[in-house]
Amino acid sequence: MWNVTAFICILIGASIPLDLIDASLAMGLVGAATSLGLLASLVAIRPGELSFLKSVVGPAVAAALLPVLWIALQMLPLAALAHPVWKFAGETLGVQLSGSITIDTGASFGALLIWLSLMSVMITSAAIAIDARRADMVARTIAATAAVAALILLLSSDPVKVWPGAARDETANGFLVVVLVGVPLGLARALDVGGHADGRTAAQLTRLRWLLAAGALFCAASACWYGGRGAAIALAAGITLVLMTFAARKLHLHRWSSAAAAAAIALIALATAIGNRHPDVPLAVAFVHAPSEFVQSTHNLLADLPALGSGAGTTATLASTYMDWQGATTRPVVATSAAALIAQFGSAMFWTLVAAIIVGIAAFTAGARNRGRDWSYPASAAAVLLTLLLASFTLPELPALPGVIVLGAVIGTGLAQRISRSRLQAG
């Protein structure tokens, strides 16, 4: 299993250079590597660990299968549900086309591969992180990768001058996803260092704690410098969740007291957001800090799309029609990642995914609250999910591929450490 641990750590580190090569090639490499890692982890895992793995990842795998099945359905030749673009193309070419919900089958296949890669990394990381020492190695690798991504982000990109959508550097946006994941993880691990000393002295543990904290602070500064207010809001929520979990444990607060405090803070934040939202537009673009024409053009795009979505590649294909004011020399982008996902999946599937993420945040937070030690793994998973969920409503369309490996590793580690093996066996 240690060989598999080394493999997933190398894969996490490779998420940075993968973002520097051709997207199609990177997608293929990620798919092959994650499949190999999943196979190796299932072969090397101990029998006792396998039964525990099945019990903790089952619900998460079921939730992750929802978009996989929906993407597969969107690719099927369903004439009754096909996007009107297929009929228009057939009339233009004078041929009979068997249309589908998606307008770009190739892009949908790529999205399917990304989701399957996310599931593979999640299961592989959960299998590795059943052992707390291996979980610590994976977490430190993610933190180091995020710090490298933050450094590259600072050195290779220009800060946002007007609004987050003004930055259309896809490589830098990919680094931003990795950095956003690294901040809550690094902070949680800094607060929890020492649960497994593994022979390290008190001085070594102190240095590690300060190194993780400094890395999280550096990543946070880099993300706010590049992503502006949208990134700052998302990170503030994730950091707050980690600190609240830590404080509740230290003060031995009752779980209902912790839940009431969290609900009060959430309501205050929601009221503030509603007071500053863009009027007369969907929630997906209501909270982004962007020019009104940017928000309105995204709203017009969403209003014209079918309720079932139009599959992956929708924004790349159709956005130029609605957002030609952005300039012909740049690839048009929509106002938020949430809007891009609604264009791909449709509103019903998108809000179903949002509900599943909220349930996941609650489950991870409860797991962190109830853990005796190693609480930082489920706490960081909850905070990362919250950070990325809010970032999807406040930042423009972000590339999915760079975050697949690190996000899957964080979720998988949180799943493995959310429940103690001894407690589960006793139950």
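Source: prediction; values computed, not measured.

Enquirer: Would you mind going over a nonpolar patch on the surface with me for this structure?
Expert: On the surface, a cluster of nonpolar side chains totalling about 460 Å² of accessible area is made up of Leu151, Leu154, Leu155, Phe218 and Trp225. Contributions of two or more residues to the nonpolar patch are made by α7 (132-156) and α9 (202-250). When residues of the nonpolar patch are assigned to their parent elements, the largest contribution, 3 residues, is made by α7. Positionally, Leu151 belongs in helix α7.

Enquirer: Sorry, what's going on with the packing of helix α15 (residues 347-370) against helix α17 (residues 401-418) here?
Expert: At a minimum axis distance of 10 Å, the contact between α15 and α17 shows a crossing angle of 50°. The angle between α15 and α17 places the two elements in the oblique class. You can see that α15 and α17 cross each other, and the crossing is left-handed. Contact residues: α15 offers Ala363, Phe364 and Gly367, while α17 offers Ile411, Gly414, Leu415 and Arg418. When the residues that make up the contact of α15 with α17 are grouped by side-chain class, the tally is 4 nonpolar, 2 polar and 1 charged.

Enquirer: So what exactly am I meant to see when it comes to the packing of aromatic side chains here?
Expert: For the coordinates displayed, the defined rule picks out 5 aromatic pairs. Note on Trp115 and Phe345: the rings are 6.3 Å apart at their centroids and 70° apart in plane angle, and the pair reads as edge-to-face. With Trp115 in helix α6 (residues 105-128) and Phe345 in helix α14 (residues 337-345), this pair connects stretches of sequence that are 230 residues apart. Looking at Trp115, the relative accessible area reads 21%, which means it is partly exposed. A ring pair is formed by Trp351 and Phe393, whose centres lie 6.0 Å apart and whose planes are at 35°; its orientation type is tilted. Linking Trp351 in helix α15 with Phe393 in helix α16 (residues 376-394), this pair joins segments that are 42 residues apart in sequence. Looking at Trp351, the relative accessible area reads 37%, which means it is partly exposed.

Enquirer: Would you mind going over the nonpolar core with me for this structure?
Expert: One recurring pattern in soluble globular proteins is that nonpolar side chains are buried together. Counting residues in hydrophobic clusters, the biggest one holds 115 residues, and the most contacted among them are Val138, Leu176 and Leu180. The dominant element in this core, judged by the number of residues it contributes, is helix α8 (residues 170-192), at 12 residues. Listed in part, the 6 residues of the second largest apolar core include Ala143, Val193, Leu205 and Leu212.

Enquirer: Would you take a moment to explain the pattern of salt bridges for this structure?
Expert: Charged atoms that come close allow side chains of opposite charge to pair. Inspection of the entire model under this criterion finds 4 salt bridges. Among the salt bridges present, the one from Arg133 reaches Asp131, with a minimum N-O distance of 3.5 Å. When its relative accessible area of 43% is taken as the criterion, Arg133 is described as partly exposed. A salt bridge links Asp192 to Arg189; the shortest N-O distance between them is 3.2 Å. With Asp192 and Arg189 both in helix α8 and 3 residues apart, the pair spans about one turn of that helix. Each member of the pair Asp192 and Arg189 is classed as buried. A single network of salt bridges, built from pairs that share partners, joins Asp136, Arg140, Arg189 and Asp192.

Reading the values: the criteria
Residues numbered from 1 in each chain as written. Predicted model: local features only at pLDDT ≥ 70, side-chain atom pairs only at ≥ 80, totals over all residues. Heavy atoms only, no water. Patch = residues over 30% accessible without salt bridge, like charges linked within 9 Å, V, L, I, M, F, W, Y side chains within 5 Å. Areas by Shrake-Rupley, 256 points an atom, 1.4 Å probe, with all protein chains shown as cover. Salt bridge = Lys/Arg side-chain N within 4 Å of Asp/Glu carboxyl O. Helix = DSSP H or I, 4+ residues; strand = E, 2+ residues; numbered from the N terminus. Axes fitted to C-alpha atoms, helices over the stretch in contact; angles between N-to-C directions. Parallel < 35°, antiparallel > 145°, perpendicular 65-115°, else oblique. Left-handed = near helix turned anticlockwise from the far one by under 90°. Contact = heavy atoms within 4.5 Å. Nonpolar A, V, L, I, M, F, W, Y, C, P; charged D, E, K, R; others polar. Phe/Tyr/Trp six-rings, centres within 6.5 Å; stacked < 30°, edge-to-face > 60°. Buried < 20%, exposed > 50% of the residue type's maximum accessible area, 1.4 Å probe, protein only. Core = buried A, V, L, I, M, F, W, Y, C linked by side-chain atoms within 4.5 Å.

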